[in-house]
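A look at the structure
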Amino acid sequence: MMIKASETLSTLRSLMRNLPNNLGSIQAYIIPTDDAHQSEYICDRDKRRAFICGFDGSSGSCVVTEDEALLWTDGRYYLQASKQLNENWKLMKDGLPTTLTLDAYLCKNLKKGSKVGVDPNLLSARNWLPLANSLKQHGCSLVGIEENLIDLVWAEKQPKAPQNKIIPLGLEHCGKKIGDKVKEIRAQMTENCCSVLVVSALDEIAWLMNLRGNDIDYNPVFFSYCLVMMDEIILFVDENKLSKEVFEHFKTNEVEVSIQPYNAIKPTLKEKAQNCEGKVWISLGSSQGLTSLICETKLHQEKTPISVMKAIKNDTEIAGMKNCHIRDGVALCQYFAWLEKELEENRKVDEISGADKLQELRSVQDKFVGLSFPTISSSGPNGAIIHYNPTPESKRPITKDELYLCDSGAQYLDGTTDVTRTLHFGVPTEFEKECFTRVLKGQIALGTAIFPTKTKGQFLDTIARKPLWDVGLNYAHGTGHGVGHFLNVHEGPIGIGVRPMPDDCGLQENMVLSNEPGYYEDGQFGIRLENICCVKPFNSKWFKSQGALTFETITMCPIQTKMIKKNLLTEKEIQVLNEYHKQVFDTLEPLLKDVGDELTLKWLARETKSI
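A brief report on the enclosed structure follows. (Residues numbered from 1 in each chain as written. Predicted model: local features only at pLDDT ≥ 70, side-chain atom pairs only at ≥ 80, totals over all residues. Heavy atoms only, no water.)

1. Observations regarding the overall build of the protein chain
Across its full length, the protein chain carries 19 helices and 28 strands. At 25 Å, the protein chain has a C-alpha radius of gyration in line with the 25 Å of a compact globule built from 611 residues. Expressed as lengths along the three principal axes of its C-alpha atoms, the size of the protein chain is roughly 70 × 55 × 50 Å. Taken across its 611 residues, the protein chain has 58% of its residues classed as buried. (Helix = DSSP H or I, 4+ residues; strand = E, 2+ residues; numbered from the N terminus. Rg over C-alpha atoms; globule rule 2.2 N^0.38 Å. Buried < 20%, exposed > 50% of the residue type's maximum accessible area, 1.4 Å probe, protein only.)

2. Describing the nonpolar core
Counting 72 residues, the largest nonpolar core has Y335, F336, L339 and F551 as its most contacted members. Per element, the largest residue contribution to this core is ten residues, and it comes from helix 14 (residues 315–344). Contact partners of F336, with chain neighbours within four places excluded, come to Y404, C406, R421, L423, F425, C557 and W603. W207, V228, V237 and V255 belong to the second largest nonpolar core, which has 34 residues in total. (Core = buried A, V, L, I, M, F, W, Y, C linked by side-chain atoms within 4.5 Å. Contact = heavy atoms within 4.5 Å.)

3. A closer look at the pattern of salt bridges
All chains considered together, the criterion is met by 37 salt bridges. Between E573 and K441 there is a salt bridge, and its shortest N-O distance comes to 2.9 Å. With a gap of 132 residues between them, E573 in helix 18 (residues 571–594) and K441 in helix 16 (residues 430–447) connect regions that are remote in the sequence. Considered together, E573 and K441 belong to a single accessibility category, that of buried residues. Here D470 and K466 are joined by a salt bridge, their closest N and O atoms 3.1 Å apart. Classification of D470 by relative accessible area gives partly exposed; the value is 48%. (Salt bridge = Lys/Arg side-chain N within 4 Å of Asp/Glu carboxyl O.)

4. Remarks on the sheet that holds strand 18 (residues 410–412)
Taken in spatial order, the three strands make up an open sheet running 15-18-19, and their pairing is antiparallel. Both outer strands of the open sheet, strand 15 (368–371) and strand 19 (415–416), are each paired with one neighbouring strand and no more. Pairing geometry for strand 18 and strand 19, over two bridges, is antiparallel. Within the sheet, the bridge partner assigned to Q411 lies in strand 19 and is T416. Its contacts with the sheet put helix 15 (residues 351–363) on strand 15 and strand 18, and the angle it makes with strand 15 is roughly 165°. (Pairing = 2+ DSSP bridges. Axes fitted to C-alpha atoms, helices over the stretch in contact; angles between N-to-C directions.)

5. A few points about the side chain of Q38
Residue position: Q38 is located in the loop between strand 1 (28–31) and helix 2 (48–53). Within polar-contact distance, the side chain of Q38 engages the backbone oxygen of N121 at 3.1 Å. With residues up to four places along the chain from it excluded, the contact list for Q38 reads N121, L122, L123, S124, G285, S286 and S287. (Polar contact = N/O pair within 3.5 Å; in protein donor to acceptor, adjacent residues only side chain to side chain.)

6. Some details on the environment of T304
Structurally, the position occupied by T304 is in the loop between strand 14 (299–300) and helix 13 (305–311). Between the C-alpha atom of T304 and that of G24, which follows or precedes it by 280 residues, the distance is 37 Å. Setting aside its immediate chain neighbours within four residues, T304 contacts L197, V198, E204, W281 and S283.

7. So, the packing of helix 14 against helix 18
Where helix 14 meets helix 18, the axes come as close as 10 Å, and the angle between the chain directions of the two elements is 70°. Our classification of the angle between helix 14 and helix 18 gives roughly perpendicular. Taken together, the residues of helix 18 that come into contact with helix 14 (itself represented by I326, G329, V330, C333 and Q334) are T587, L588, L591 and L592. Here the residues of the contact of helix 14 with helix 18 are counted per class, giving six nonpolar, three polar and no charged. (Parallel < 35°, antiparallel > 145°, perpendicular 65-115°, else oblique. Nonpolar A, V, L, I, M, F, W, Y, C, P; charged D, E, K, R; others polar.)

8. Overview of the sheet that holds strand 12 (residues 258–260)
Taken in spatial order, the six strands line up as 12-11-10-8-13-14 in an open sheet, and their pairing is mixed. Each edge of the sheet is formed by a strand with only one pairing partner; in this case those strands are strand 12 and strand 14. Direction of pairing for strand 10 (residues 225–229) relative to strand 11 (residues 233–236): antiparallel, over a ladder of four bridges. Along strand 11, the bridge assignment pairs L227 with I234.

9. A short note on the pairing of strand 28 (residues 548–553)
One face of the sheet, then the other: side chains in a regular strand alternate in exactly this way. Within strand 28, five of the six residues are buried, leaving the element largely enclosed by the surrounding structure. Two strands pair when backbone bridges link them, and strand 21 (residues 451–452) and strand 28 are joined in this way by two bridges, in the antiparallel orientation. Within the sheet, the bridge partner assigned to P452 lies in strand 28 and is A548. As judged from the six bridges shared by strand 27 (residues 531–538) and strand 28, these two strands associate in the antiparallel manner. When the sheet's bridge partners are listed, C533 is paired in strand 28 with T553.

10. Side note on the pairing of strand 4 (residues 90–93)
Where strand 3 (residues 69–73) and strand 4 come together, four bridges link them in parallel fashion. Looking across to strand 4, one finds that T73 is bridged to K93. Crossover strand 3 to strand 4 through helix 3 (residues 78–84) is right-handed. (Right-handed = clockwise from strand over helix to strand, strands pointing away.)

11. Overview of the side chain of H387
Here H387 lies in the loop between strand 16 (376–379) and strand 17 (403–408). At a separation of 2.7 Å, a polar atom in the side chain of H387 contacts the side chain of Y77. Setting aside anything within four residues of it in sequence, one finds H387 in contact with S58, R76, Y77, Q80 and I376.

12. Description of the state of the cysteines
One pass over the full model with this rule turns up zero disulfides. Free cysteine: C276, not disulfide-bonded; nearest cysteine sulfur from C194 at 8.8 Å. For C333, which is in no disulfide, the shortest distance to another cysteine sulfur is to C557 and amounts to 4.5 Å. (Disulfide = S-S within 2.5 Å.)

Quick look at the structure:
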């Protein structure tokens, strides 16, 4: 049983005053969300921030001082955090102009000479450097504490590290041999005078090695590090996770991979960095704990070549992404048709039983592996909690009287899906319909945008927001994120949002992103419409020197037309919607006929009817 929050803080503060190994004391301790690989989603063992404060959203950082405990998180989680934090904690609404940033708070509230501690393995070099400089300017210092203090508080109750098996991904799904990927990587290393490439991001390692795992829920990755040299590749991983098939897989992929224990990464990297002739390529997104092992004169700190290679899908990956979205669309349509019938016949469905039914329908689809994130099944006011996760305590019934927002996705052997639809099974209000229509206008505007090659996603964000901004509405989350191929549902280095992405390489052909504007009325409802899109060329005489791109929507699920105020749509927008619905019907109808699903066929025909 977890000890109470007040007790955890008391124990942590005692450790801060008397650090392990006689390291003295610190006046503040930072608890990031990250694991040692700077993963967005983390395994149970690494949920240190959730353990200490109770907030379990995917983004946020804590600071504990002698007399305060604070959590910084962004607009997606304001409502959730306000409900999960107890009286010992103060919520800092990151992103609001009135909220001090984490470093500004520390500089304002700590005395000169104060020390701020953090586990350097859980903080990226990108975040470490400005924080250390900011504290230094105010007479304070940032101190790396290798022995994690939260682990000491958590002690024997902390979950064990996962030990799940790793599986090979066949060439029919990944489309490119490891050996061919390595040749491209080494060519880029040569161009940049690098002898060693450090790979710490789990999805980059999984993609490079054409392997998948299950160490983090919903993310088919495995705990590991990788070093790529000109004549050697070392994979640092618990060998118990590897089967004979994995070693055969390496041979088939025309590559030799040396296996070392997971914890051998630091001494091996230190030795390789000291003895190599060229530079060591390590991303700013890698941990300060790894980066500090490399002499500054040898550092080459840029996004890894893998991050861009992975984001630009090959032909096999693109085909897989399109195919899995078709199968996924069948399951989604079956779910919404089933849900409508259940409500019409006055059978009770709540947020959890609805999500379970959707998972059941997905699970029978070909190549299904699991969900790509916990289903956001939210009714009425719960829909205003942007990343809501229904629990037995919070669940609401799905009814004809409230909007229902369902954001869900799945992992298939040939791709990853993520789709959001918002529906009303009764009579929506005029305000709900106007908000819905303006969200749809933004989605159509972004989905049909034409832009120069390598345009950064930040510059497209306004396109989706303008119909909402026109009447003083907005939403507190990004408009789009990259999507992995049977990998993380949120994939860098690209994205579409208000904030710049530091490693954004610009949009290029065969990248895959979400298009998901929304609107949220606190305490009443939430609206989000999300499609997945592939970036494709656009033949335009106006971008001859640079080339032009646009999007191809690959999500196959109708948008509820009864929620639309037609008079707010232009003729072009109506045409785009009708053409999309015709494509959805033509694609899914034969598959539903094959399985004899008359209920969903009738629902699909009605929902895709031209307006």
